[in-house]
Amino acid sequence: MKKILLSLSFVLCVLMAWGQRVNPFDQIKAYPYRAYGMDCPYPSEKPNLTKSPKGYKPFYISHYGRHGSRYYWNDQLYRDLDSLLSQAQRKNLLTAEGKAFYVKFMEAKDELKTGVSELTQLGWEQHQRIAHTMYDNFPEVFKKGGNVLAISSLTGRCVISMASFCQELVQCNPKIEIREQSSRFTLDGVVPTDRQNPVKHQFPRAKAKYEKNRDQFKSDNTLRGKVVARVFTSTEGLPGNPERIGSDLINLYSSLPNIGHEGMMGNIVTDEEMAQQWEASNLGSYSWVFTPQYDMIPILQDIIKKADAVISGQSDRISDLRFGHDTCLGPLTVLMGINGADLDPEDPYEVKYCYQNWETCKASNIQLVFYRSKKSGADVLLKCLLNGAEATLPVPTDCAPYYKWSDFRKFYTDRCNKVLQASQTK
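Residues numbered from 1 in each chain as written. Predicted model: local features only at pLDDT ≥ 70, side-chain atom pairs only at ≥ 80, totals over all residues. Heavy atoms only, no water.

Caption draft 1: Spotlight on the side chain of Ser164. By secondary structure assignment, the location of Ser164 is in helix H7 (residues 156–172). For Ser164, a relative accessible area of 0% gives the class buried. In this structure the side chain of Ser164 is engaged in a polar contact, spanning 3.4 Å, whose partner is the backbone nitrogen of Gln128. Setting aside residues up to four positions removed in sequence, Ser164 forms contacts with Trp124, His127 and Gln128. (Helix = DSSP H or I, 4+ residues; strand = E, 2+ residues; numbered from the N terminus. Buried < 20%, exposed > 50% of the residue type's maximum accessible area, 1.4 Å probe, protein only. Polar contact = N/O pair within 3.5 Å; in protein donor to acceptor, adjacent residues only side chain to side chain. Contact = heavy atoms within 4.5 Å.)

Right, dumping it as structure tokens:
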């Protein structure tokens, strides 16, 4: 009977969440950078959190974070725009607005090409702020000090993000001892798909259901053409086709807040236009994070294994920190079904309510905060924070936003095992 009541309460919570869902376009209006999707800089607001459940005290935090704001991820964008704008200038094919953009781009191009893929000052500051907020939100976890393990991708921007986060935690309390590691030995717990990972996996691919109905989604594809027309009087004889040129210009625009160059492009692209094309870009993002979700099973297993060790007393750590990429955090969000990201609707217009690509923004992070009963050490609850805000999980509960560790552990162990067993029978 108890299991039936728990299941009913879970279904009721899901129905209520869908009935009271927030319009994502209202969220974009509140913070226009959300329309930039995964290029969105980490928001600065601090969401309100519920108080610790009565009789419970936080004692451990398990975390996965994306690196902070960076320059564009490869130099192709900067090189192509350099060549394109230089030729257009020589051939007198730039509009007045295009000429102003050309001047500002040329002034910054050496910096852009040098900095390609590297963490920016903003990226460093984002992780400082997140670490300080974590410390302030859960002082009981950190006030006595203790051991922390931080592991990172082998990529420089992730290593530096880890350094920023850990340095800030130690500045908050010098009694905290942090072991930082960027190593092939720990890749399975942070970037299992890295080619240098000595543990090789072959997980099945998933396919979002909406894709078979994608032609039902009507999108306005005119933005690229409008942007090109604002920069060039003609693209005749210039490298690249107009569609590719338009995409490059939009990609540059969405990256500018991360590198301190807002305003470089004037009104060539506007935030209002980015908002108008957001839903179409979000559909593409959903497929991108949905397909490789099972590749993140090793991260979820690492989370469970390390939490088990702390709860059982085999580990004395107060926190486990992981620093990786959107290619892991986005699919992990789907695998865990955070805020309904695993709901997999068939209607493409419903996708925006279960996943918003700005949740995989720069410095995005998942925090699992564990609470122990003051009466019984074996009675453990947890809650999930996505980018600092309390999030829902598909785990049955009668005390949301908190979940029993035993229920969480069983639910996700079963979910992982189901995939693993299915892949072994093929």
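Let's pick the thread back up.
Caption draft 2: Highlighting the packing of helix H5 (residues 121–137) against H7. Relative orientation of the contacting elements H5 and H7 amounts to 40 degrees, with a least axis distance of 8 Å. Here H5 lies oblique to H7, going by the angle between them. Regarding H5 and H7, the two cross each other, and that crossing is right-handed. Of H7, the residues touching H5 (which contributes Trp124, His127, Gln128, Ile130, Ala131, His132, Met134 and Tyr135) are Ile160, Ser161, Ala163, Ser164, Phe165, Gln167, Glu168, Leu169 and Cys172. (Axes fitted to C-alpha atoms, helices over the stretch in contact; angles between N-to-C directions. Parallel < 35°, antiparallel > 145°, perpendicular 65-115°, else oblique. Left-handed = near helix turned anticlockwise from the far one by under 90°.)

Caption draft 3: Inspection of the packing of helix H13 (residues 326–336) against helix H15 (residues 405–424) at higher detail. The N-to-C vectors of H13 and H15 enclose an angle of 110 degrees; their axes lie 11 Å apart at closest approach. The angle between H13 and H15 falls in the class roughly perpendicular. In this structure, H13 uses Val334, Leu335 and Met336 to contact H15, whose residues at the interface are Phe408, Tyr412 and Arg415. Here the contact of H13 with H15 is composed, by residue class, of five nonpolar, no polar and one charged. (Nonpolar A, V, L, I, M, F, W, Y, C, P; charged D, E, K, R; others polar.)

Caption draft 4: Structural detail: helix H4 (residues 96–115). The end-to-end C-alpha separation of H4 is 28 Å, in line with the 28 Å expected for 20 residues at 1.5 Å each. Taken as a whole, H4 carries its principal kink of about 50 degrees at Ala108. Listing the buried residues of H4 in full gives Gly98, Phe101, Tyr102, Phe105, Met106, Ala108, Leu112 and Gly115. Buried residues belonging to H4 abut helix H3 (76–90), helix H8 (223–231) and helix H9 (242–259). (Expected span 1.5 Å × (residues − 1). Bend = angle between axes of the 7 residues up to and from the residue.)

Caption draft 5: Broad picture of the environment of Asp39. By the secondary structure assignment, Asp39 is in the loop between helix H2 (24–30) and strand S1 (56–66). Its relative accessible area of 13% is what places Asp39 among the buried residues. Separated by 215 residues in sequence, Asp39 and Ser254 place their C-alpha atoms 6.1 Å apart. The residues touching Asp39, leaving out its near neighbours within four places in the chain, are Asn251, Ser254, Ser255, Asn258 and Lys362. Engagement of the side chain of Asp39 in a polar contact is seen with the side chain of Ser254, the distance being 2.8 Å.

Caption draft 6: Inspection of a positive patch on the surface at higher detail. A cluster of basic residues, Lys57, Lys143, Lys144 and Lys374, forms a positive patch on the protein surface. Mapped onto the elements, Lys144 comes out in the loop between helix H6 (139–142) and strand S2 (146–152). When its relative accessible area of 69% is taken as the criterion, Lys144 is described as exposed. (Patch = residues over 30% accessible without salt bridge, like charges linked within 9 Å, V, L, I, M, F, W, Y side chains within 5 Å. Areas by Shrake-Rupley, 256 points an atom, 1.4 Å probe, with all protein chains shown as cover. Salt bridge = Lys/Arg side-chain N within 4 Å of Asp/Glu carboxyl O. Lys, Arg positive; Asp, Glu negative; His and termini not counted. Charge placed at Lys NZ, Arg CZ, Asp CG, Glu CD.)

Caption draft 7: Highlighting the packing of aromatic side chains. In total, this model carries 21 aromatic pairs according to the counting rule given. Both rings, one in Tyr31 and one in Tyr33, keep their centres 5.6 Å apart while their planes meet at 85 degrees; by these two values the pair is edge-to-face. The exposure class assigned to Tyr31 is buried, which follows from its relative accessible area of 17%. Aromatic pair Tyr135 and Phe142: ring centres 5.7 Å apart, planes at 25 degrees, arrangement stacked. A relative accessible area of 0% places Phe142 in the buried class. One aromatic cluster is present, formed by Phe59, Tyr60, Phe370, Trp405, Phe408, Phe411 and Tyr412 through successive ring pairs. In this arrangement the basic side chain of Arg372 is found over the ring face of Phe59, its NZ or CZ atom lying 4.1 Å from the centre. (Phe/Tyr/Trp six-rings, centres within 6.5 Å; stacked < 30°, edge-to-face > 60°. Lys NZ or Arg CZ within 6 Å of the ring centre and 35° of its normal.)

Caption draft 8: Highlighting the nonpolar core. Counting residues in each nonpolar core, the largest one holds 70 residues, and the members touching the most others are Phe101, Phe232 and Leu252. Aside from chain neighbours lying at most four places away, what touches Phe101 is Leu85, Val231, Leu249, Leu252, Met264, Met265 and Ile268. Phe59, Met296, Met336 and Leu368 belong to the second-largest nonpolar core, a separate cluster that totals 40 residues. (Core = buried A, V, L, I, M, F, W, Y, C linked by side-chain atoms within 4.5 Å.)

Caption draft 9: Representation of H13 in the model. Summarising burial for H13: 10 of the 11 residues are buried, a large majority. Along H13, the residues classified as buried are Asp326, Cys328, Leu329, Gly330, Pro331, Leu332, Thr333, Val334, Leu335 and Met336. One or two positions beyond H13, positive phi appears at Gly337, with a value near 65 degrees.

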